[in-house]
Amino acid sequence: MSQKKEVRIGLIGTGFMGRTHSNGYKRIGDFFPDLAYRPVLKAVCARSKDKVQAFAEQWGYESTETDWKAVINRKDIDAVDICTPNDTHAEIAIAAAAAGKMILCEKPLSRNLAEGQKMVDAIKKAGVRNTVWYNYRRLPAVSLAKQLVDSGKLGKIYHYRANFLQDWTISADVPQGGTGTWRMDVEAAGSGVTGDLLAHCIDTAMWLNGGIKDVSAVTETFVKQRMHQLTGKVEPVGIDDACIFHCHFDNGSLGLFESTRYARGHKALYTFEINGANASIRWDLHDLNRLEYFDHRDESIVRGWRSIHVTDGDQPYMNKWWVPGLGIGYEHSFIHQAADFMKSLETGEPCHPTFEDALETQKVCEAVIDSARSRSWKDTGVAWQEK
Ligand code: SOE
């Protein structure tokens, strides 16, 4: 009989993210055996009875619901995991907080700042544990980047640049709205690449390099009208298909960010590079176990970019996995976040990024959209705390 304390999960949403989170909960018992808390896959919820039943059987959930309110009202649920489209995050999170549930919310926190602020107010009022799944922080190479920056090895930082490039919406035949393509519908998503992809880049950037003070942005919607799956009509497209912004960080460095879904050949090319006075680092999601590092203090005849294969036991998270030299994948970032959330219940520390951290990312997204609309620089209002 396990002595571990149970965290009974109620998962809402069975799409791509429902699968990544479920896999996260399922793997931590095997690979993080020392945790005092263990997730129990108590209930999963989706509107289609057949689909939710099939999901529950496949992933091992004990029960199903077709109304999210039922999950929140259940006494045998401790934590609600929100994996639904962005337009439902606020309503579900606010109700879950009022019911005293812990909340794990898929990114972005919300469609816009006003909704995000209400969510933060709700979790603060209720005093419930919370986290937002900005998963890329928890890839070992990205965590190692954080260690290197925090150790001061890079010296004063001058530049931060990041890209998140995709190509899946170039065809004008891709519809907007509904299952699978709600990210194309401004009502459901809140914004386009800014909230979906740049939000990842902004979360990582502020974690590594501190607050973003102000921004100047351009956005573009290349395909102006698309068929809406819910109405069947061709309707104007309200999302940004591409966004480029530059910014000042609080530490005086300059940032340059670009995201698009129109970069033919790129499926999920998330990259970042940081240039400091002494050293630089760069990372690429398509080669996610590697971190590249250049140190100007190396002896000049061997100075050059090192390609660090982040798979050794003394590198972040890697003592939980295989033997040095053997890599891990995208799904492990979710396993790590699930494990870190369980650990945070043991230590009483927050599991970053919390709703409050994610609200800071929301402030930058909002300023980016405002800046592009008004063709002017915008202050973000970010008050970043060292995490
Ligand atoms: C969009 O295609 C998407 O799935 C994002 O929604 C995820 O957050 C990102 O990690 C990968 O791309």
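Residues numbered from 1 in each chain as written. Predicted model: local features only at pLDDT ≥ 70, side-chain atom pairs only at ≥ 80, totals over all residues.

Below, the discussion takes up the overall build of the chain. Looking only at helices and strands, one finds ten helices and 17 strands in the chain. Computed over C-alpha atoms, the radius of gyration of the chain comes to 21 Å, within 12% of the 21 Å expected from 2.2 N^0.38 for 387 residues, which places it in the range of a compact globule. Its C-alpha atoms give the chain principal-axis dimensions of about 65 × 55 × 40 Å. For the chain, restricting intrachain contacts to residue pairs at least 6 apart in sequence, the fraction spanning at least 24 positions comes to 68%. (Helix = DSSP H or I, 4+ residues; strand = E, 2+ residues; numbered from the N terminus. Rg over C-alpha atoms; globule rule 2.2 N^0.38 Å. Contact = placed C-beta atoms within 7 Å.)

Turning to the nonpolar core, a few remarks are in order. Counting residues in hydrophobic clusters, the biggest one holds 101 residues, and the most contacted among them are Ala93, Ile103, Leu198 and Val368. By residue number, the principal contributor to this core is helix α8 (residues 193–209), which donates ten residues. Dropping the residues within four chain positions of it, Leu198 is found in contact with Phe164, Val193, Cys243, Phe257, Ser259 and Cys365. Listed in part, the six residues of the second largest apolar core include Val186, Ala188, Ala189 and Val237. (Core = buried A, V, L, I, M, F, W, Y, C linked by C-beta atoms within 7 Å. Buried ≥ 20, exposed ≤ 12 C-beta atoms within 10 Å, placed from the backbone.)

Burial along strand β13 (residues 269–276) is one-sided: Tyr270, Phe272, Ile274 and Gly276 are buried, while Leu269, Thr271, Glu273 and Asn275, pointing the other way, are not. Here eight bridges tie strand β7 (residues 157–165) to β13, and the two strands are oriented antiparallel to one another. When the sheet's bridge partners are listed, Asn163 is paired in β13 with Thr271. Judged from the five bridges that link them, β13 and strand β14 (residues 279–284) form a sheet pairing that is antiparallel. Across the sheet, Phe272 pairs through a bridge with Trp283, a residue of β14. Counted along the chain from β13 to the antiparallel partner β14, the turn is two residues long. (Pairing = 2+ DSSP bridges.)

What follows deals with the UniProt feature "domain: GFO/IDH/MocA-like oxidoreductase" (unreviewed entry) in the chain. Per the UniProt record, the feature "domain: GFO/IDH/MocA-like oxidoreductase" (unreviewed entry) sits at residues 144–282. Helix makes up 21% of residues 144–282 and strand 37%, and the two end C-alpha atoms of the span are 11 Å apart. (UniProt positions renumbered as here; feature names shortened; annotations may be inferred.)

What follows concerns helix α10 (residues 355–374). With 20 residues, α10 extends 28 Å from end C-alpha to end C-alpha; this agrees with the ideal 28 Å at 1.5 Å per step. Along α10, 15 of the 20 residues are buried, which leaves the element largely enclosed by surrounding structure. Positioned one or two residues after α10, Arg375 has a phi angle of 50 degrees, which is positive. (Expected span 1.5 Å × (residues − 1).)

Once the domains are mapped, the chain shows domain 1 (5–136) and domain 2 (139–379). In this structure, domain 1 and domain 2 have C-alpha centres spaced 23 Å apart. Of the residues lining the interface, 38 residues belong to domain 1; the matching set on domain 2 comes to 40 residues. Taken together, the elements giving at least two residues each to the side of domain 1 that touches domain 2 come down to α1 (16–31), β2 (37–45), α5 (113–126) and β6 (130–133). Of the residues forming the side of domain 1 that touches domain 2, the biggest block, eight residues, is contributed by α1. (Domains from an automatic or database assignment.)

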